[in-house]
Amino acid sequence: MTSPADFDRDLISLLDFHVEAGADAALDERPHDRFDEADEPRAERRPAAAPRRELAPARAEPARPPERPAPQRTFGQSAAAKPGEAAGDARARAAETKTLEELEALLAGFDGCPLKFTAKNLVFADGNPAARVMFVGEAPGADEDRVGKPFMGRSGQLLDRMMAAIGLDRTSAYIANIVPWRPPGNRNPTPQEVSVCRPFIERQIELADPDLIVCLGSPSTQTLTGTKDGILKARGRFYPYRVGDREIRALATLHPAYLLRQPVQKRLAWRDFRLVRAALEGKA
C-alpha cells in the first residue's frame, strides 16, 4: 500500500511534470472529461435552436471600413514587420550599446519580438559578467519568467550542482539565454523569434567577453556555432566563436532540463563539465 509520504511525493512529481510541459495555468474552476463529452450523442450536445423572429427589413447603411489598430513600434520598425527587418533594426541598435546595462535597458524597450507581450518579465542574465565562463541556454521557463533571472527552477538547481562539481557558482560564471522572454507554454522559440533576438545575445557575449562559452542544449549550440548536428552528436566538442578579431571557444553540452527527463545522460554531461574545468585551467 502506498504511504501518504509516497503519495505526496508522486503528486508533486506529477505537478512538476505538468509545469515543465507548460501546463501552468487553470482554464476553469473544475476539470472536464473531454473523452466523456465526445462520447455523448450529438443531439444531446447541440443546444436547442432559438425560435425565429420576424424582423422588419432594416435600412441599408453604407459599409464602414474596419478600423485598424495602430501597430506596436520598436526602434522605428513595426512589431508586425518581417523578422528580417526587426532583426536588422535590433542589430543596428544593439551595436550602439557600450555596456551590459545599456543593452538590458535597450531590450526592456524593444517591442519587435512578440514574446515580450506574453511574458511577465525580461530575463536578461544572472551571475558575474566579469567571469571567464558564460553559460548560454535557450529561453526562460515559468520560474525564470516569474523571477526575471535565468535558470531559477529545477533545471537551474541542477545547473548549480553541476557547476559546483567543478568549482563554479553564480559568482564565478555568467548565465544568459538566446531568447530573453518566455515562449507561451514553455514551447521552443520559433526560428523567427530566435532571429529577432540573436543580435542581442551576440552583443551580450561581445560585451561580457568570456574566455569560454558553454552552450546548453541544441538551440543554443546551433544558434551560436552554426552546426546542424543534434546535441547528442555535437556535445563534448569545442567550436570557434568569433568576436571581432578574437576567437572564443564554445563547448556544446546537454541542457539541464533534458537531463531531468533523461537522468541516465548525466554521465555525458559530467564528461563535458570536466572539459569546462580543464579548459579554464588551461589543460584542454
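Remember, predicted model here, so these are calculated numbers, not experimental data.

A.B. asks: Lay out the side chain of T221 in plain terms, naming residues and giving numbers.
C.D. replies: Counting through the fold element by element, T221 comes out in helix 9 (residues 218-225). If near-sequence neighbours (up to four positions away) are discounted, T221 is found in contact with C215, G226, T227, I231, A234 and A252.

A.B. asks: Requested: an account of the nonpolar core, with residues and values cited.
C.D. replies: Counting residues in hydrophobic clusters, the biggest one holds 36 residues, and the most contacted among them are F124, M134, W181, F200, I205, I213 and L224. Of all the elements in the fold, those that place two or more residues in this core are helix 4 (83-96), helix 5 (100-108), strand 2 (133-137), strand 3 (174-177), helix 8 (191-208), strand 4 (212-216), strand 5 (238-243) and strand 6 (246-253). Tallying contributions element by element places helix 8 first for this core, with seven residues. Every residue in contact with W181, bar those within four places of it in the chain, is listed here: L107, F110, C113, L115, K116, A119, N121, L122, A139, P140 and C197. In terms of nonpolar packing, the next biggest core, distinct from the first, is built from 27 residues, L158, M163, L268 and L280 among them.

A.B. asks: Can you explain the packing of helix 5 against helix 8? Please cite residues and give values.
C.D. replies: The N-to-C vectors of helix 5 and helix 8 enclose an angle of 165°; their axes lie 10 Å apart at closest approach. The pairing of helix 5 with helix 8 is recorded here as roughly antiparallel in orientation. Crossing of helix 5 over helix 8 shows left-handed handedness. Along the contact surface, helix 5 presents L100, L103, L106 and L107, while helix 8 presents F200, R203, Q204, L207 and A208. Its residues assigned to classes, the contact of helix 5 with helix 8 comprises seven nonpolar, one polar and one charged.

A.B. asks: Could you give me a rundown of the environment of I175, with the residues and numbers involved?
C.D. replies: Relative to the helices and strands, I175 resides in strand 3. Here I175 falls in the buried class, since its relative accessible area comes to 0%. Measuring from C-alpha to C-alpha, the distance between I175 and A131 comes to 9.8 Å, with 44 residues separating the pair along the chain.

A.B. asks: So what's going on with the packing of aromatic side chains? Residues and values would help.
C.D. replies: Tallied over the full model, the rule gives three aromatic pairs. Centroid distance F110 to W181: 6.4 Å. Interplanar angle 20°. Geometry classified as stacked. With F110 in the loop between helix 5 and strand 1 (126-127) and W181 in the loop between strand 3 and helix 8, the pair connects residues that are 71 residues apart, well separated along the chain. Note on F110 and F200: the rings are 5.0 Å apart at their centroids and 65° apart in plane angle, and the pair reads as edge-to-face. Taken as a pair, F110 in the loop between helix 5 and strand 1 and F200 in helix 8 lie far apart in primary sequence, 90 residues in all. Take F110 and F200: they sit in the same class, and that class is buried. Among the aromatic residues, ring-to-ring pairing joins F110, W181 and F200 into one connected group.

A.B. asks: Explain the pairing of strand 4 to me, and be specific about the residues and the numbers.
C.D. replies: Within strand 4, five of the five residues are buried, which leaves it mostly tucked inside the rest of the structure. Side chains L212, V214 and L216 project from strand 4 onto one buried face, and the interleaved I213 and C215 project onto a second face that is buried too. By the bridge criterion, four bridges tie strand 2 to strand 4 in an arrangement that is parallel. Residue pairing for strand 4: V136 is matched across the bridge by C215. In this structure, strand 4 lies alongside strand 6, joined through five bridges in parallel fashion. Bridge pairing links I213 to A250 in strand 6.

Cut-off values and rules
Along each chain, residue indices are assigned from 1 in the same order as the chain's sequence is written. Local features in a predicted model are, by the rule used here, given only for residues with pLDDT of at least 70; side-chain atom pairs are given and counted only at 80 or more, and totals for whole chains, interfaces and linings are based on all residues. To obtain the side-chain values, all non-hydrogen atoms of the structure were included, while hydrogens and water were left out. Labels follow the DSSP assignment, with helices taken as runs of H or I lasting at least four residues and strands as runs of E lasting at least two, numbered in each case from the N terminus. The criterion used for residue contact is that any of the two residues' heavy atoms lie within 4.5 Å. The nonpolar core is taken to be a set of buried Ala, Val, Leu, Ile, Met, Phe, Trp, Tyr and Cys residues, with the residues joined through side-chain atoms within 4.5 Å. Only protein chains enter the accessibility calculation, which uses a 1.4 Å probe; a residue whose area is less than 20% of its type maximum is buried, one above 50% is exposed, and one in between is partly exposed. Helix axes use the C-alpha atoms of the stretch in contact, all axes being lines fitted to C-alpha atoms, and the angles between their N-to-C directions lie in the range 0 to 180 degrees. The scheme is simple: roughly parallel for angles under 35 degrees, roughly antiparallel for over 145, roughly perpendicular for 65 to 115, oblique for anything else. What makes a crossing left-handed is the near helix being turned counterclockwise from the far one by less than a right angle; a clockwise turn instead makes it right-handed. Each residue gets one label: Ala, Val, Leu, Ile, Met, Phe, Trp, Tyr, Cys and Pro are nonpolar, Asp, Glu, Lys and Arg are charged, and the others, such as Gly, are polar. Each Phe, Tyr or Trp ring, with Trp reduced to its six-membered ring, pairs with another whose centre is within 6.5 Å; inter-plane angles below 30 degrees give stacked pairs, above 60 give edge-to-face pairs, and intermediate values give tilted ones. Only strands joined by at least two bridges in the DSSP assignment are considered to pair.

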